[in-house]
Amino acid sequence: MRKLFVTIFCVFLIIDCFPQKNSDYERIPFEIQDGYILLPVNFSKKAKFNLVFDSTGQGGCLSRQGISKLSGEIGQNLYELLRNNYIQKNPNATSGQVEAEMTALKIGKKSLVRLNVFWCGNHSFYDEPFFALQNSILPGDGCITIDVFRNEKNIVVDCKNNVLEINAPTCQKGGIKLYKLDEGAINAYYVLGELDGIKQPFIIATASFAMIVRENIKDSTVYDYNDIKKMSLSGNSYTEYYTGQMAKIKICDFEQNYTVFRYNDVAIKHKDKEIFAASSFFNILGLPFFEDKCVQFDFENMMLYVW
């Protein structure tokens with residue numbers, strides 16, 4: 001028997017089954033649609049949610065389609081359920097306060113649901129936040145981030161066979177150091193590679209359909225993120241993209257020419273200073289990098305392998 005418990009901002013799904021130990025090796029087929037990896041995820045072992053796999057961010061998100069599907073699983077409109085729950089918990093709240101809370105949920109400012117357990121294949125995951133993703137251009141029901149898999153030994157994104165491997169044998173050669181960027185709004189992994197022969201940092205972003213590189217690379221300095229945060233981020237910066245440009249990118253032992261987006265200023269305007277900093281000093285390895293390759297994220301040793 002499944003029971004659903006709703007707290008002030010969270011939905012907990014408790015399933016009466018014993019989850020498989022997550023040390024087990026598993027291969028999970030995925031689809032690539034419109035330039036995005038779609039990974040099958042189950043919130044209740046019934047309805048399958050197709051979520052974009054994103055190697056940046058935390059937890060996951062649900063599109064309008066995903067929220068509608070989850071409402072069907074619950075048997076009640078999710079927003080109505082959360083509104084009623086908030087009013088019950090805060091009987092003296094004004095209508096303005098209620099609407100403010102609902103707006104925060106709908107625009108993704110606060111966690112929409114926190115699922116006690118959900119499955120990707122036979123692997124179970126616990127207590128991860130999912131945010132609302134309104135007006136999404138992503139296909140499917142939302143997204144799931146690589147951060148969900150952070151406690152596994154490793155994962156392999158195999159775009160040769162369209163399979164995600166969990167806890168595969170660790171590759172032993174040809175790897176490079178994997179760095180974690182975990183600063184407030186920024187949660188991502190990056191590596192050091194070469195852009196047109198110049199040493200540069202690259203954020204790995206599977207949910208980016210394009211390769212994005214800086215136009216103004218004047219030296220091979222690779223800044224530590226703590227140093228980046230100390231730099232002046234003020235000024236009237238703007239971004240102008242050039243499409244159809246070519247760049248030679250080398251990661252591990254793979255060197256390849258890619259069609260890229262180049263931006264002509266080292267600062268991307270954003271109200272969040274941390275996003276501003278990261279996008280100013282990092283290039284983006286999008287899904288084109290993964291095509292016809294296997295990429296292993298070795299979380300135990302913080303290494304990246306490509307073959």
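Report on the accompanying structure. Treat the numbers as computed from the prediction; the structure is a model and nothing was measured. (Residues numbered from 1 in each chain as written. Predicted model: local features only at pLDDT ≥ 70, side-chain atom pairs only at ≥ 80, totals over all residues. Heavy atoms only, no water.)

**Here we look at helix α1 (residues 64-74)**
One turn of the α-helix equals 3.6 residues, which is why residues spaced by three or four share an orientation.
Okay, so step 1: Buried within α1 are the following residues: G66, I67, L70, S71, E73 and I74. Projected onto a plane normal to the axis of α1, the buried residues spread over an arc of 155 degrees and lie on a single side. Opposite the buried face of α1, at more than 90 degrees from it, the exposed residues are R64 and G72.
Okay, so step 2: Looking one or two residues past α1, G75 carries a phi angle of roughly 90 degrees, positive in sign. (Buried < 20%, exposed > 50% of the residue type's maximum accessible area, 1.4 Å probe, protein only. Helix = DSSP H or I, 4+ residues; strand = E, 2+ residues; numbered from the N terminus. Arc of directions from axis to C-beta.)

**Section: the state of the cysteines**
Okay, so step 1: Applying the stated criterion across every chain, the model contains one disulfide.
Okay, so step 2: Each sulfur in the disulfide pair C61 and C143 lies 2.5 Å from the other. Between C61 and C143, the disulfide has an S-S torsion of 140 degrees and is therefore right-handed. Of the two residues, C61 sits in strand β7 (residues 60-62) while C143 sits in strand β12 (residues 142-145), which places them 82 residues apart along the sequence. Judged on exposure class, the residue C61 and its partner C143 are both buried. (Disulfide = S-S within 2.5 Å.)

**What about the sheet that holds strand β15 (residues 176-177)?**
Okay, so step 1: The antiparallel open sheet is built from six strands, whose spatial order is β3-β14-β13-β23-β24-β15. Edge positions in the sheet fall to β3 (26-29) and β15, since each has one partner strand and no second.
Okay, so step 2: The sheet contact formed by strand β23 (residues 294-298) and strand β24 (residues 303-306) spans four bridges and is antiparallel. Bridging from a neighbouring strand, D298 pairs with M303 of β24. (Pairing = 2+ DSSP bridges.)

**Quick notes on the side chain of E128**
Okay, so step 1: Within the element layout of this structure, E128 appears in strand β11 (residues 128-132).
Okay, so step 2: Overall, the relative accessible area of 5% leaves E128 in the buried class.
Okay, so step 3: A distance of 3.0 Å separates polar atoms of two side chains, one belonging to E128 and the other to R150. (Polar contact = N/O pair within 3.5 Å; in protein donor to acceptor, adjacent residues only side chain to side chain.)

**A closer look at the packing of aromatic side chains**
Okay, so step 1: With the rule as written, the count across this model stands at 13 aromatic pairs.
Okay, so step 2: Relative to F149, the ring of F125 lies with its centre 5.2 Å away and its plane at 75 degrees, an arrangement referred to as edge-to-face. Here F149 lies in the loop between β12 and β13 (154-158) and F125 lies in strand β10 (residues 123-125), a separation of 24 residues in the sequence.
Okay, so step 3: Their ring planes at 20 degrees and their centres at 5.1 Å tell us that Y179 and Y190 sit as a pair that is stacked. A residue pair is termed long-range when its members are at least 10 positions apart, and Y179 in strand β16 (residues 179-183) and Y190 in strand β17 (residues 186-195) qualify at 11 residues.
Okay, so step 4: Judged by its relative accessible area of 10%, Y190 is buried.
Okay, so step 5: Feature note: the residues F43, F49, F53, F118, F125, F130 and F149 constitute an aromatic cluster, connected by ring pairs.
Okay, so step 6: The lysine or arginine in question, K69, covers the ring of F49, its NZ or CZ lying 5.2 Å from the ring centre.
Okay, so step 7: In this structure, K293 is placed above the aromatic ring of F289, and the distance from its NZ or CZ to the ring centre is 5.0 Å. (Phe/Tyr/Trp six-rings, centres within 6.5 Å; stacked < 30°, edge-to-face > 60°. Lys NZ or Arg CZ within 6 Å of the ring centre and 35° of its normal.)

**Looking at the pattern of salt bridges**
Okay, so step 1: Overall, the coordinates contain seven salt bridges when judged by the stated rule.
Okay, so step 2: Among the ionic pairs, E128 bridges to R150, the shortest N-O distance being 3.0 Å. On the criterion of sequence distance, the pair formed by E128 in strand β11 and R150 in the loop between β12 and β13 is long-range, its members being 22 residues apart.
Okay, so step 3: Across the pair D147 and R150 runs a salt bridge whose closest N-O atoms are separated by 3.2 Å.
Okay, so step 4: Note on D147: relative accessible area 6%, which makes it buried.
Okay, so step 5: Residue R150 is classed as partly exposed on the basis of its relative accessible area, which comes to 35%. (Salt bridge = Lys/Arg side-chain N within 4 Å of Asp/Glu carboxyl O.)

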